[in-house]
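# Close look at the chain arrangement
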Amino acid sequence: MKLLLAGLVLILIVETHAQWYRRPVEAAQGAYDMARAYSDMREANYRNSDKYFHARGNYDAAQRGPGGRWAAEVLSDAREGWQGTYSGRGYEDTAADQAANLHGRNGGDPNVYRPPGLPSKY
């Protein structure tokens, strides 16, 4: 009986940790989601839509799973680190972008940041 119980516990532990191979795929898919949101933002070229696309990219990436969430966090932090240091847009803009990033990554509705009149394509 002890051997059977030990075997069941071992199977449960191995199965729990056997999902490691999904993380890189989720991360790649999340990076793609972030790139798509950035591309859409550039294409839309719509005033005051920046925060919406930040939230949407992070939301889509995080929906992929832990790997996608990780990719969204790394890419968002890298972009905002660069933007805050070199672009001259200032701390307030960087902080607002990071709030939108976090909102989307935590599963919040990106449409909260959607500006009026943004085409429904986005």
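To keep things clear, this report deals only with the structure shown in the data block. This one's a predicted model, so the numbers in the text were calculated from it and none came from an experiment. (Residues numbered from 1 in each chain as written. Predicted model: local features only at pLDDT ≥ 70, side-chain atom pairs only at ≥ 80, totals over all residues. Heavy atoms only, no water.)

### Some details on the nonpolar core
Listed in full, the six residues of the largest apolar core are Met-41, Ala-44, Tyr-52, Phe-53, Leu-118 and Tyr-122. For this core, the secondary-structure elements that each account for two or more residues are helix H2 (22-44) and helix H3 (50-62). For Ala-44, the residues in contact, after removing those within four places along its chain, are Phe-53, Leu-118 and Tyr-122. (Core = buried A, V, L, I, M, F, W, Y, C linked by side-chain atoms within 4.5 Å. Buried < 20%, exposed > 50% of the residue type's maximum accessible area, 1.4 Å probe, protein only. Helix = DSSP H or I, 4+ residues; strand = E, 2+ residues; numbered from the N terminus. Contact = heavy atoms within 4.5 Å.)

### Observations concerning the packing of aromatic side chains
One pass over the structure, following the stated rule, counts two aromatic pairs. Note on Phe-53 and Tyr-122: the rings are 5.9 Å apart at their centroids and 75 degrees apart in plane angle, and the pair reads as edge-to-face. Of this pair, Phe-53 sits in helix H3 while Tyr-122 sits in the segment after helix H5 (91-105), and the two are 69 residues apart along the sequence. For the residue pair Phe-53 and Tyr-122, the accessibility class agrees, reading buried in each case. The lysine or arginine in question, Arg-114, covers the ring of Tyr-52, its NZ or CZ lying 5.0 Å from the ring centre. (Phe/Tyr/Trp six-rings, centres within 6.5 Å; stacked < 30°, edge-to-face > 60°. Lys NZ or Arg CZ within 6 Å of the ring centre and 35° of its normal.)

### Examining the pattern of salt bridges
As enumerated under the stated definition, the model contains ten salt bridges in all. Asp-33 is the salt-bridge partner of Arg-64, the closest N and O atoms lying 2.8 Å from each other. One end of the pair, Arg-64, is in the loop between H3 and helix H4 (66-87); the other, Asp-33, is in helix H2, with 31 residues separating them in the sequence. Relative accessible area serves as the criterion here: at 34%, Arg-64 is assigned to the partly exposed category. The exposure class assigned to Asp-33 is buried, which follows from its relative accessible area of 2%. We note a salt bridge from Asp-60 to Arg-36, for which the minimum N-O separation is 3.2 Å. (Salt bridge = Lys/Arg side-chain N within 4 Å of Asp/Glu carboxyl O.)

### Thoughts on the packing of H3 against H5
At a closest axis distance of 7 Å, the pairing of H3 and H5 adopts a crossing angle of 35 degrees. H3 and H5 meet at a crossing whose hand is right-handed. Where H3 approaches H5, its residues Asp-50, Lys-51, His-54, Ala-55, Asn-58, Tyr-59 and Ala-62 are matched on the opposing element by Asp-93, Ala-96, Asp-97, Ala-100, Asn-101, Gly-104 and Arg-105. Its residues placed into classes, the contact of H3 with H5 shows five nonpolar, four polar and five charged. (Axes fitted to C-alpha atoms, helices over the stretch in contact; angles between N-to-C directions. Left-handed = near helix turned anticlockwise from the far one by under 90°. Nonpolar A, V, L, I, M, F, W, Y, C, P; charged D, E, K, R; others polar.)

### Considering the environment of Asn-106
Along the chain, Asn-106 turns up in the segment after H5. Considering only alpha carbons, one finds Asn-106 and Asn-58, 48 residues apart in sequence, at a separation of 8.5 Å. One polar contact links Asn-106 to Arg-69, side chain to side chain, over a distance of 3.1 Å. (Polar contact = N/O pair within 3.5 Å; in protein donor to acceptor, adjacent residues only side chain to side chain.)

### Digging into the environment of Thr-94
With respect to the helices and strands, the residue Thr-94 is situated in helix H5. Through-space distance from the C-alpha of Thr-94 to that of Arg-79 is 9.5 Å; in sequence the pair is 15 residues apart. Discounting residues that sit within four places of it in the chain, Thr-94 has contacts with Glu-80 and Gly-84.

### Concerning H3
Because the α-helix completes a turn every 3.6 residues, residues three or four places apart line up on one side. Here H3 is 13 residues long and its end C-alpha atoms lie 18 Å apart, about the 18 Å a rise of 1.5 Å per residue gives. With respect to burial, H3 is a largely interior element, twelve of its 13 residues being buried. Among the residues making up H3, those that are buried are Asp-50, Lys-51, Tyr-52, Phe-53, His-54, Ala-55, Arg-56, Gly-57, Asn-58, Asp-60, Ala-61 and Ala-62. (Expected span 1.5 Å × (residues − 1).)

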